[in-house]
Amino acid sequence: MGRWDIVCGRSWIKATVQSAYYVGQMVGSMVFGVLGDRIGRKKVFFIAIALQIICGFLQSVAPTWWLYAIVRAGTGFSHPGIFVIAVVIGMELVGPSYRKLASVTTGLFFAVGQIILGAVAMHVTDYQWMHVVLSAPALVFLSYWWLVPESARWLVSVRRFEDADRVLQKAAKTNGVDLPHQWWTLLDGEEKTMEEQEVRRPIEPRQCGFLDLLTTPELRKRSLVVFYLWPVVSMVYYGLSMKSDILGGDIYVNFIIGGFIEMPALFLIFILIDRIGRRFFVASGYALAGICLLSNLAISDTAPRWIALVQLLISRGAITATYASLYMFSPELFPTVVRNSAMGFCSTIARFGAIFASYMTMWIADTYGKAWMIIPFGVMTIFAAAFIIVFLPETKGKPLPATIEEVRN
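Residues numbered from 1 in each chain as written. Predicted model: local features only at pLDDT ≥ 70, side-chain atom pairs only at ≥ 80, totals over all residues. Heavy atoms only, no water.

## Here we look at the overall build of the chain
Logical step 1: In terms of helices and strands, the chain carries 15 helices and zero strands.
Logical step 2: Put simply, the chain has 409 residues, and 49% of those count as buried.
Logical step 3: Counted over contacts in the chain with a minimum sequence separation of 6, partners at least 24 positions apart contribute 82%.
Logical step 4: Of the roughly 18900 Å² of accessible surface on the chain, 69% is carried by carbon and sulfur atoms. (Helix = DSSP H or I, 4+ residues; strand = E, 2+ residues; numbered from the N terminus. Buried < 20%, exposed > 50% of the residue type's maximum accessible area, 1.4 Å probe, protein only. Contact = heavy atoms within 4.5 Å. Areas by Shrake-Rupley, 256 points an atom, 1.4 Å probe, with all protein chains shown as cover.)

Here is the structure:
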């Protein structure tokens with residue numbers, strides 16, 4: 001950002017530019033979360049990919065910092081439509097035994113992307129060329145239109161049974177199994193012919209939205225707790241990524257090492273989350289990250305640097321495992337009719353945590369010291385762990401709820 005002299009007393013501009021990205025993510029989460037439930041997961045996914053490609057290249061030619069911030073907000077706007085929708089599609093296309101694999105695989109490629117980003121940033125020091133290098137590979141994702149099917153669960157939820165049948169028949173053929181003829185007539189014990197479905201089609205099922213998340217005591221309790229968990233995990237994850245030297249060390253090296261440490265963390269998810277359960281695993285991740293952060297305040301400035309590095313790596317590994325497992329845990333808490341809206345809102349409020357982290361890492365911590373970042377990060381993660389243990393149910397091995405009534409009961 002030397003092009004616009006964003007240094008020293010103007011560091012607030014750097015924080016504002018980074019916050020613009022998260023503001024874009026926030027708006028994108030609200031828009032794409034609703035659209036994903038209304039027009040389908042797949043259409044939203046590709047609208048977001050196209051937008052990311054356009055904004056990614058525009059960032060390299062923005063003439064002023066405020067135009068750069070606007071285009072960066074557009075990039076942020078596209079990302080919930082890609083990442084959150086991809087997670088929802090992955091969760092809805094597989095059964096309970098494969099949900100953890102879908103979530104862990106997503107997090108694994110995210111970690112690989114982080115390592116690549118660190119390496120590119122270290123060697124491509126011109127930010128304009130860096131945006132070109134990082135944006136170009138997204139063109140390959142347009143080919144996913146022919147590879148990724150629409151979510152069969154979503155198609156069933158909006159009573160598009162024939163479309164769902166085409167998706168499931170293809171999957172059944174690949175797996176060497178057979179589906180019952182007109183299987184949709186057996187849903188909920190209803191014996192309905194396709195002709196009856198056609199007669200009923202003009203009567204559309206009621207579209208559920210965000211307010212439905214607050215309609216019953218159980219769903220309201222789950223929603224409020226999860227809506228606290230997401231901004232906290234986002235705050236700590238992005239805060240440690242943006243300020244990877246907060247506990248000591250080189251910013252580039254720590255960033256790349258942080259990407260590598262995420263891989264074994266994700267492997268631990270795959271091994272342990274079905275053994276000890278989602279609830280305890282996620283709570284432990286929050287607690288471990290918080291304890292490691294707060295313990296750094298007790299380390300003397302003359303202490304060996306490797307101690308701070310170990311604390312950073314444990315914190316990064318713990319919060320990475322928490323973030324990835326939260327993507328697995330959260331959708332399992334909500335019924336199909338509002339799942340994408342719930343995940344969209346989770347992604348929306350998570351941006352508040354990321355925006356807070358931007359100012360904490362790029363402005364407050366630099367001006368007043370690292371304690372102003374570490375203490376709120378550590379305390380809020382420990383509170384998150386307590387809320388999970390007290391208020392949320394275990395979802396391990398349970399079928400995804402389809403309706404609000406199932407959660408109520």
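Now that the structure has been shown, the text picks up again.
## Comments concerning helix α12 (residues 305–333)
Side chains of residues three or four places apart in an α-helix project in the same direction, reflecting 3.6 residues per turn.
Logical step 1: Compared with the 42 Å implied by 1.5 Å per residue over 29 residues, the 41 Å span of α12 between its first and last C-alpha is a close match.
Logical step 2: The axis of α12 is deflected most strongly, by about 30°, at Leu-326.
Logical step 3: Along α12, 23 of the 29 residues are buried, which leaves the element largely enclosed by surrounding structure. (Expected span 1.5 Å × (residues − 1). Bend = angle between axes of the 7 residues up to and from the residue.)

## Quick look at the packing of aromatic side chains
Logical step 1: By the definition in use, this model includes 17 aromatic pairs.
Logical step 2: The interplanar angle of 90° and the centroid separation of 5.3 Å between the aromatic rings of Tyr-237 and Tyr-238 together place this pair among those described as edge-to-face.
Logical step 3: Look at Tyr-238 and you get buried, because its relative accessible area is 14%.
Logical step 4: One aromatic cluster in this structure is built from Tyr-21, Tyr-22, Trp-230, Tyr-237, Tyr-238, Tyr-323 and Tyr-327.
Logical step 5: Residue placement shows Lys-42 over the ring face of Trp-145; its charged tip is 4.6 Å from the ring centre. (Phe/Tyr/Trp six-rings, centres within 6.5 Å; stacked < 30°, edge-to-face > 60°. Lys NZ or Arg CZ within 6 Å of the ring centre and 35° of its normal.)

## Thoughts on the packing of helix α3 (residues 65–93) against helix α13 (residues 336–368)
In helix packing, the relevant descriptors are the interaxial angle and the interaxial distance, both defined with respect to the helix axes.
Logical step 1: Close contact between α3 and α13 brings their axes to 10 Å; oriented N to C, the two are set at 145°. When the axes of α3 and α13 are compared, the crossing they make is right-handed. Every residue of α13 that contacts α3 at Pro-80, Val-84, Ile-85, Val-88 and Glu-92 is listed here: Thr-336, Arg-339, Asn-340, Met-343 and Ser-347.
Logical step 2: Of the residues in the contact of α3 with α13, the class split is five nonpolar, three polar and two charged. (Axes fitted to C-alpha atoms, helices over the stretch in contact; angles between N-to-C directions. Left-handed = near helix turned anticlockwise from the far one by under 90°. Nonpolar A, V, L, I, M, F, W, Y, C, P; charged D, E, K, R; others polar.)

## Quick word on the nonpolar core
Generally speaking, soluble globular proteins have nonpolar side chains that are buried together.
Logical step 1: Within the largest apolar cluster, 68 residues are counted, with the highest numbers of intra-cluster contacts made by Leu-229, Trp-230, Ile-269, Tyr-286, Leu-326, Ile-388 and Leu-392.
Logical step 2: Broken down by element, this core gets its largest block of residues, 14 residues, from helix α9 (residues 217–242).
Logical step 3: If sequence neighbours within four positions are ignored, Leu-392 has contacts with Arg-222, Val-225, Val-226, Leu-229, Arg-279, Phe-329, Leu-333 and Phe-387.
Logical step 4: Among the nonpolar cores identified, the runner-up in size contains 11 residues, and Phe-45, Ile-82, Ile-85 and Ile-89 belong to it. (Core = buried A, V, L, I, M, F, W, Y, C linked by side-chain atoms within 4.5 Å.)

## Regarding the pattern of salt bridges
Logical step 1: Overall, the coordinates contain five salt bridges when judged by the stated rule.
Logical step 2: Residue Glu-218 is joined to Lys-221 by a salt bridge in which the shortest nitrogen-to-oxygen separation is 3.3 Å. Of this pair, Glu-218 and Lys-221 both sit in helix α9, three residues apart, which is roughly one turn of the helix.
Logical step 3: Among the residues examined, Glu-218 registers a relative accessible area of 22% and is labelled partly exposed.
Logical step 4: Arg-278 serves as the salt-bridge partner of Asp-274, at 2.4 Å between the closest nitrogen and oxygen.
Logical step 5: For Arg-278, a relative accessible area of 0% puts it in the buried group.
Logical step 6: The structure contains a network of salt bridges with shared partners spanning Glu-218, Lys-221 and Arg-222. (Salt bridge = Lys/Arg side-chain N within 4 Å of Asp/Glu carboxyl O.)

## Brief notes about the environment of Asp-37
Logical step 1: Inspection of the secondary structure assignment puts Asp-37 in helix α1 (residues 11–38).
Logical step 2: For Asp-37, a relative accessible area of 7% puts it in the buried group.
Logical step 3: C-alpha of Asp-37 to C-alpha of Trp-154: the two residues are 117 residues apart in sequence and 7.5 Å apart in space.

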